[in-house]
Amino acid sequence: MNALPRADALGLIGCHVCGQVCRAAGDEEGDGVQSCPRCGSTLHRRKPAAYARTWALLIAAFLMYIPANVLPIMRTASLGDIDDNTILSGVVELWVKGSPGLAVIVFCASIMVPMLKFLALGTLLISCRRGSGWARRQRAKLYRLVELIGYWSMLDVFVVALLTALVRFGYFSLVEPLPGVVYFGLTVVLTMFASMCFDPRLIWDGKEDSDD
Amino acid sequence: MEASSRDIAAAAATPALLICEQCDTVHSRRPLAKGEVAECARCGAVLERCRGMSTDATLALVLTALVVFAQATLWPIVTLGLNGQYVAATLWDMIRLMWFDHSQVVAVLAAATLFVFPLAKTLILGWLLLYARSGRRAPGFRTLMVGLHHLGPWTMSEVFVLGALVSIVKAHLYFDVIPDPGIYAYAALMLLITLFAGMDLTRLWDETREENVEAAP
Ligand SMILES: [Zn+2]
Ligand SMILES: [Zn+2]
């Protein structure tokens, strides 16, 4: 027996919601649904259809991400001078007009984090499907990073919302949200669902010997 | 003393095994010292942490968060000035304007992640801890614990604080900006939320006991 036994091999299942250690129902029960005796949540040896669901949500998120970047997210009007901002032009404006530090933060939250999520989840999906033993610990860490920082992408959505609420001086000055911000909000929500549907335990399935 | 017998009962109820939810490795549980964190030997994920904060202290923190939360939501966040004209905005102005400005999706997202979910999370936590002080399970314990788990990643007050900061800097390019008390309340809320984000909720399952609700006085 391995020094680090896995629950699956021992016929155990850990409840994801409450942490209870449960005995897995026998094979004869087939696909019968088993629920946690402590909290009542459905128990899964692995999250159901993790690959299909994560891919579907990730692709949907990517399709939303294109208009989110191409379409303007916000219109600023002052004295009849109308200016449509995209995510990138908002970052550039911050950089040029005196807050490079904040510009870097917004760039990370709005552009780097979503890109990292697409690349990281894509890499995880492909490498796990192939049962790869490559850099397992690093990939596990990558997944936790995605889970940890994912929701910070909502930053730009809140900025547009707050500026809209603040800048309303009649005809003189006005900020309006444009469709890009809706697509961006949807991108963030869909990528969050995608990372939730992925099962990090899959990283450690497959060939045991190729690592360490 | 009563407290020590309760601790023994809680220790006896603590299961001996722990399964890493990130990699499915089975670990035998060992008692943790204050501030200690148990990490998975296979994948490095945090298995369990001992914050060393008593239930009473946590409850006090949650009640404080509730007061600060009310202030953050009701008070204006920032005031803008242009040629002697002033506009102040609260969280609700923001949500209302997004709804009427053809961005209903954003309005719903903001209302959920900045108001409904954080409020629900704080109220549920307060309710559960109120009973957990005496080792009991609050009415609806099971459902609420499961609900709390699912609410986990969907509260975004800390992102909003940063968003407000970015908005202030952007608006400052064209307008007079006056930060209002709401933004300070939000900053305080961010600190409080960080404090209980590190909390290991699953311990409530071990530390409280089922009791007959009808039999309760
Ligand atoms: Zn459970
Ligand atoms: Zn692990």
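Source: prediction; values computed, not measured.

## Some words on the interface of chain B and chain A
- Contacts between the two partners involve 64 residues from chain B, matched on the other side by 65 residues from chain A.
- Interface area lost by chain B to chain A is led by B:Asp24, B:Arg42 and B:Lys170, which between them contribute 12%.
- Our enumeration of links across chain B and chain A arrives at 3 salt bridges.
- Between A:Arg38 and B:Asp206 there is a salt bridge, and its shortest N-O distance comes to 3.0 Å.
- Residue assignment for the side of chain B that touches chain A shows that the elements contributing at least two residues are β1 (17-19), β5 (78-82), β6 (85-89), α3 (91-100), α4 (104-132), α5 (141-151), α6 (157-172) and α8 (203-207) of chain B.
- No other element matches α6(B), which puts 12 residues into the side of chain B that touches chain A.

## Comments concerning the domain arrangement of chain A
- Domain annotation of chain A identifies domain 1 (1-45) and domain 2 (48-204).
- If you average the C-alpha positions of domain 1 of chain A and of domain 2 of chain A, the two centres end up 35 Å apart.

## Quick word on the coordination of the zinc ion (ligand 1)
Residue and element names in this part refer to chain A.
- Looking at the zinc ion (ligand 1), the protein donor atoms are Cys15 (SG), Cys18 (SG), Cys36 (SG) and Cys39 (SG), and they sit 2.2 to 2.3 Å from it.
- Bound by 4 donor atoms, the zinc ion (ligand 1) shows angles of 105 to 115° at the metal and therefore tetrahedral coordination geometry.
- For the zinc ion (ligand 1), the donor residues sit on a single chain with the sequence spacing C-x2-C-x17-C-x2-C. Each member of the pair, cysteine 15 as well as cysteine 18, carries the same accessibility label: buried.

## Quick look at empty space enclosed by the protein
- In the structure shown here, the tally under the stated rule is 1 cavity of 30 Å³ or more.
- The space that makes up the largest cavity amounts to roughly 80 Å³.
- What lines the largest cavity is a set of 14 residues, among which A:Ile73, A:Ile87, A:Gly90, A:Asp156 and B:Lys170 lie closest to the centre.
- Per-element tally for the lining of the largest cavity: the top contributor is helix α3 (residues 87-96) of chain A, with 4 residues.
- Looking at the lining of the largest cavity, its residues break down into 9 nonpolar, 3 polar and 2 charged.

## Quick look at the packing of helix α6 (residues 155-166) of chain A against α4(B)
- At their nearest, the axes of α6(A) and α4(B) sit 11 Å apart, and the two run at 105° to each other. For the element pair α6(A) / α4(B), the angle class is roughly perpendicular. Touching A:Val157, A:Phe158 and A:Ala161 of α6(A) are B:Val106, B:Ala110, B:Thr113 and B:Leu114, all from α4(B).
- Across the contact of α6(A) with α4(B), the residue classes break down as 6 nonpolar, 1 polar and no charged.

## A few points about the sheet that holds strand β3 (residues 74-78) of chain A
All names here are of chain A.
- Across the sheet, 4 strands lie side by side as β4-β3-β6-β5; this open sheet has antiparallel pairing. Looking along the sheet, the strands with just one partner apiece sit at the ends: β4 (81-85) and β5 (168-169).
- Relative to strand β6 (residues 173-177), β3 runs antiparallel, the two sharing 5 bridges. Residue pairing across strands places serine 78 opposite serine 173, the latter belonging to β6.

## Considering the coordination of the zinc ion (ligand 2)
All names here are of chain B.
- The zinc ion (ligand 2) binds to the protein through Cys20 (SG), Cys23 (SG), Cys40 (SG) and Cys43 (SG), with metal-donor distances spanning 2.2 to 2.3 Å.
- With 4 donor atoms in place around the zinc ion (ligand 2) and angles of 102 to 116° between them, the coordination shape is tetrahedral.
- Here the donor residues for the zinc ion (ligand 2) map to a single chain with the spacing C-x2-C-x16-C-x2-C. Taken together, the residues cysteine 23 in the loop between β1 and β2 (26-28) and cysteine 40 in the loop between β3 (37-39) and β4 (46-49) connect sequence positions 17 residues apart.
- Looking at cysteine 23, the relative accessible area reads 0%, which means it is buried.

## Some words on the pattern of salt bridges
Residues and elements named next belong to chain B.
- Scanning the model with the defined rule gives 15 salt bridges over all chains in all.
- In this structure, the salt-bridge partner of arginine 29 is glutamate 48, at a minimum N-O distance of 2.5 Å. Taken together, the residues span a long stretch of sequence, with arginine 29 in the loop between β2 and β3 and glutamate 48 in strand β4 at a distance of 19 residues. You'll find arginine 29 and glutamate 48 in the same group, each marked buried.
- Among the salt bridges present, the one from aspartate 206 reaches arginine 29, with a minimum N-O distance of 3.2 Å. With a gap of 177 residues between them, aspartate 206 in helix α8 and arginine 29 in the loop between β2 and β3 connect regions that are remote in the sequence. Here the two residues aspartate 206 and arginine 29 agree in accessibility, since each one is buried.

The rules behind the values
Residues numbered from 1 in each chain as written. Chains lettered and ligands numbered in written order. Predicted model: local features only at pLDDT ≥ 70, side-chain atom pairs only at ≥ 80, totals over all residues. Heavy atoms only, no water. Contact = heavy atoms within 4.5 Å. Buried area = accessible area lost by both parts, 1.4 Å probe. Salt bridge = Lys/Arg side-chain N within 4 Å of Asp/Glu carboxyl O. Helix = DSSP H or I, 4+ residues; strand = E, 2+ residues; numbered from the N terminus. Domains from an automatic or database assignment. Donors = N, O, S within 2.8 Å, 3.2 Å for Na, K, Ca; no water. Tetrahedral: all angles 85-135°; square planar, octahedral: opposite > 155°, others 65-115°. Buried < 20%, exposed > 50% of the residue type's maximum accessible area, 1.4 Å probe, protein only. 1 Å grid on protein atoms, 1.4 Å probe; cavity = no way out; pocket = protein on both sides within 12 Å on 5 of 7 lines; lining within 4 Å. Points joined across faces, edges and corners; volume = space filled by probe spheres on them. Nonpolar A, V, L, I, M, F, W, Y, C, P; charged D, E, K, R; others polar. Axes fitted to C-alpha atoms, helices over the stretch in contact; angles between N-to-C directions. Parallel < 35°, antiparallel > 145°, perpendicular 65-115°, else oblique. Pairing = 2+ DSSP bridges.

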